[in-house]
Amino acid sequence: MTQRYDAIIIGAGHNGLACGAYLAKAGLKVLVLERRHIIGGAAATEEVVPGFHMSLASYLLGMMPKRVIDELELFANGLEILPCKGIFHPTDDGGAIVVHDDQAITQKSFARLSRRDAESYADYNAYMADATSVVREMMFETPFDPSRRDWRSYKDMASFAWRYRKIGGRFFRLADLFTMSSYDFLSQWFENDAIKCALGYQSSVGTFGGLKSPGSAYILLHHALAHDVGVGWGFAKGGMGAVSAAILNAGAKHGMTLKTGAPVAKVIVKDGRAVGVATASGEIYEAKLIASNAHAKLLFEKLVGAEHLPAEMLKDLARFRTFSTAFKLNIACETLPTYKAFDAQACGMDYPDFTHLAPDIDYMERAFDDAKYGWYSKRPFLSPVTPTARDNTLAPKGKHVVNIFGGHAPYELKNGVWANERENFVKTVMAVMDEHAPGFSSSIIDMQVLLPPDLEEIIGLPGGHIFHGEITPDQLFFKRPVPHYADYRSPVAGLYQCGSSTHPGGGVTGIPGRNAAREILKDWPRLKRQAA
Ligand SMILES: Cc1cc2nc3c(=O)[nH]c(=O)nc-3n(C[C@H](O)[C@H](O)[C@H](O)COP(=O)(O)OP(=O)(O)OC[C@H]3O[C@@H](n4cnc5c(N)ncnc54)[C@H](O)[C@@H]3O)c2cc1C
């Protein structure tokens, strides 16, 4: 029997759930259909080794703005954040930098390498806080279409310019963030390469690029954007699936329903309008509107089909860069890594639960060079995190979970195939881990290795891209995912996009879901009339 809803959401990633929760809060009857057996997409907790529950893909919460957390009452709906105090960053001379929540501790660790850089840090921090406050607001914008010559576009552009007029002279420095490499950007304040690496590391995270690649300064900013909840980076208690679960709870309170194990095979389009979906098992669900959390390439190329879409749009979509070099190892182990360079007192923390292994800029660039020429990094950069240092719900008593995120492992190898290289690759990662934390690899019980093709297959991320596609300035705002359809709408009436393929891109933020819901609610009176 056909079932009818106001809104169907394709995909229970955290953005699909957020979009659904906002719509349900506004009174719509919402159904979320998820292809996997669990919710969360890239923000999921899964038992990947018997007895060990792990953040499958994303591993730290820090990009979700307070506005989303408050509006969806995520703390009341079960979310608990266990903050990391800072990032521990061993350097080549046997010492370490720590980028701590406490500015004075960070400066002290910088002073060992450069007094000047220690002094510059306060100025840099103040600049970044100011820049993030401006750009954070832009994340909540619906991108306008500058190519259109109609009244609505002129009005949207004028309104945008008016609202951001207070940027004034800061415009020029903000323009730097959207155009420069993070290396050049950081060099405006800092002289020491290890310090620039510690601060710029995140501009290489999830990106097929290095700190010297143009546009990477924006990626640095993107990672700093939320951080307005009173804590920096932190673990979600119970793993990142707990974030998605809290969003689901927020929606369920308003009647939102969920079906897992229900892959959507087709969006049903009648007379140019999306009127429902068909699942792979042949069930039909009808709705007044459909919103897709699935990647834009999956939605348009597979679920909608070329016959309903402009040829130009499909060409633009094919150009959307999703080739990824990011990997993740989810490890069950007997003991936590013991880092040679860690000194609890100097670092201002009892244990380094968030670490960056990449001593300086040259190391990061060489890791990228290997990938640039088609192979995995001989010495990859790694971010090991140890949630069980804070959270006792993930592993059997006395045992631990270590998640290692890193780069670079290209989606496709030149002159080789991953099936023959997986084992060598893991050895390469472990050699770096053991160098910094001797003996760590011998404490491993079992592990899950996620290379970009695995992320594509398991989570549905084309190219394995952790952000649904590069978050470089050429793929943001009115160009995300494609020109003319960056306002969460699509060429098919009643079909919307609500995932990270849209502005402002990836990260566990909930913002694409929130922004899409706002646009849908603007159209809702018309959609209701048309469906009547
Ligand atoms: C390895 C890795 C590490 C990361 N680390 C971090 C981190 O530490 N912190 C951070 O903030 N961000 C991190 N990210 C990025 C972040 O996790 C993602 O950008 C974000 O979770 C994407 O959310 P989303 O809801 O937009 O899309 P997704 O999570 O991709 O959700 C899409 C959902 O749609 C479902 N779907 C697809 N097709 C269909 C279909 N046909 N029918 C039904 N359902 C369908 C999928 O199964 C999935 O559940 C990481 C990502 C990865 C992969």
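Here is a short report on the structure shown in this document. All of these numbers come straight from a predicted model, not from anything done at the bench.

1. Focus on the overall build of the protein chain
Next, step 1: Looking only at helices and strands, the protein chain has 17 helices and 17 strands in total.
Next, step 2: Taken over the C-alpha trace, the protein chain has a radius of gyration of 23 Å; the compact-globule value for 532 residues is 24 Å, and the two agree within 12%.
Next, step 3: Counting only C-alpha atoms and orienting by the principal axes, one finds that the protein chain spans roughly 70 × 55 × 50 Å.
Next, step 4: In the protein chain, the share of contacts with a sequence separation of at least 24, taken over all contacts with a separation of at least 6, comes to 73%.
Next, step 5: For the protein chain, the exposed surface amounts to about 20,400 Å²; the carbon and sulfur share of it is 54%.
Next, step 6: In the protein chain, the 57 positive side-chain charges and the 57 negative ones have mean positions that sit 7 Å from each other.

2. Re the side chain of Glu-519
Next, step 1: Along the chain, Glu-519 turns up in helix α17 (residues 511–531).
Next, step 2: At a separation of 3.0 Å, a polar atom in the side chain of Glu-519 contacts the side chain of Arg-489.

3. Quick look at empty space enclosed by the protein
Next, step 1: Within this structure, the stated rule accounts for three cavities of 30 Å³ or more.
Next, step 2: The space that makes up the largest cavity amounts to roughly 50 Å³.
Next, step 3: What lines the largest cavity is simply Met-54, Ser-55, Tyr-59, Phe-235, Ala-236, Gly-239, Met-240, Pro-387, Leu-394, Val-401 and Asn-403.
Next, step 4: Going through the elements one at a time, β4 (52–55), β8 (234–236) and β15 (400–407) are the ones with two or more residues in the lining of the largest cavity.
Next, step 5: Considered as a void within the structure, the second largest cavity measures approximately 40 Å³ in volume.
Next, step 6: Split by residue class, the lining of the second largest cavity holds four nonpolar, six polar and no charged.

4. As for the packing of aromatic side chains
Next, step 1: Across all of its chains, the model carries 30 aromatic pairs by this definition.
Next, step 2: Aromatic side chains Phe-144 and Phe-160 sit 5.2 Å apart centroid to centroid with 70 degrees between the ring planes, which places their arrangement in the edge-to-face category. Here Phe-144, found in the loop between α4 (115–139) and α5 (151–163), pairs with Phe-160, found in helix α5; they are 16 residues apart in sequence, far enough to count as distant. The pair formed by Phe-144 and Phe-160 is uniform in burial state, with each residue classed as buried.
Next, step 3: With centroids separated by 4.8 Å and ring planes inclined at 85 degrees, the aromatic side chains of Phe-327 and Phe-425 adopt a geometry described as edge-to-face. Residue Phe-327 is located in strand β13 (residues 326–333), and its partner Phe-425 is located in helix α15 (residues 418–436); the two are separated by 98 residues in the primary sequence.
Next, step 4: Residue Phe-327 is classed as buried on the basis of its relative accessible area of 1%.

5. Points about the pairing of strand β2 (residues 30–33)
Next, step 1: What you see with β2 is no split at all: Val-30 and Val-32 on one side and Leu-31 and Leu-33 on the other are buried throughout.
Next, step 2: Pairing of strand β1 (residues 3–10) with β2 involves four bridges; the strand directions are parallel. In the strand pairing of β2, Ile-8 is matched with Leu-31.
Next, step 3: Both β2 and strand β9 (residues 257–259) contribute to a ladder of three bridges, which runs parallel. Residue pairing for β9: Leu-33 is matched across the bridge by Lys-259.

6. Quick word on the packing of helix α3 (residues 103–111) against α4
Next, step 1: Where α3 contacts α4, the two axes come as close as 7 Å, and the packing angle between them is 150 degrees. The angle between α3 and α4 falls in the class roughly antiparallel. As α3 runs across α4, the sense of the crossing is right-handed. On α4, the residues that touch Gln-103, Thr-106, Gln-107, Phe-110 and Ala-111 of α3 are Arg-115, Asp-117, Ala-118, Glu-119, Tyr-121, Ala-122 and Asn-125.
Next, step 2: Class assignment of the residues belonging to the contact of α3 with α4 gives a composition of five nonpolar, four polar and three charged.

The rules behind each value
- Residues numbered from 1 in each chain as written.
- Predicted model: local features only at pLDDT ≥ 70, side-chain atom pairs only at ≥ 80, totals over all residues.
- Heavy atoms only, no water.
- Helix = DSSP H or I, 4+ residues; strand = E, 2+ residues; numbered from the N terminus.
- Rg over C-alpha atoms; globule rule 2.2 N^0.38 Å.
- Contact = heavy atoms within 4.5 Å.
- Areas by Shrake-Rupley, 256 points an atom, 1.4 Å probe, with all protein chains shown as cover.
- Lys, Arg positive; Asp, Glu negative; His and termini not counted.
- Charge placed at Lys NZ, Arg CZ, Asp CG, Glu CD.
- Polar contact = N/O pair within 3.5 Å; in protein donor to acceptor, adjacent residues only side chain to side chain.
- 1 Å grid on protein atoms, 1.4 Å probe; cavity = no way out; pocket = protein on both sides within 12 Å on 5 of 7 lines; lining within 4 Å.
- Points joined across faces, edges and corners; volume = space filled by probe spheres on them.
- Nonpolar A, V, L, I, M, F, W, Y, C, P; charged D, E, K, R; others polar.
- Phe/Tyr/Trp six-rings, centres within 6.5 Å; stacked < 30°, edge-to-face > 60°.
- Buried < 20%, exposed > 50% of the residue type's maximum accessible area, 1.4 Å probe, protein only.
- Pairing = 2+ DSSP bridges.
- Axes fitted to C-alpha atoms, helices over the stretch in contact; angles between N-to-C directions.
- Parallel < 35°, antiparallel > 145°, perpendicular 65-115°, else oblique.
- Left-handed = near helix turned anticlockwise from the far one by under 90°.

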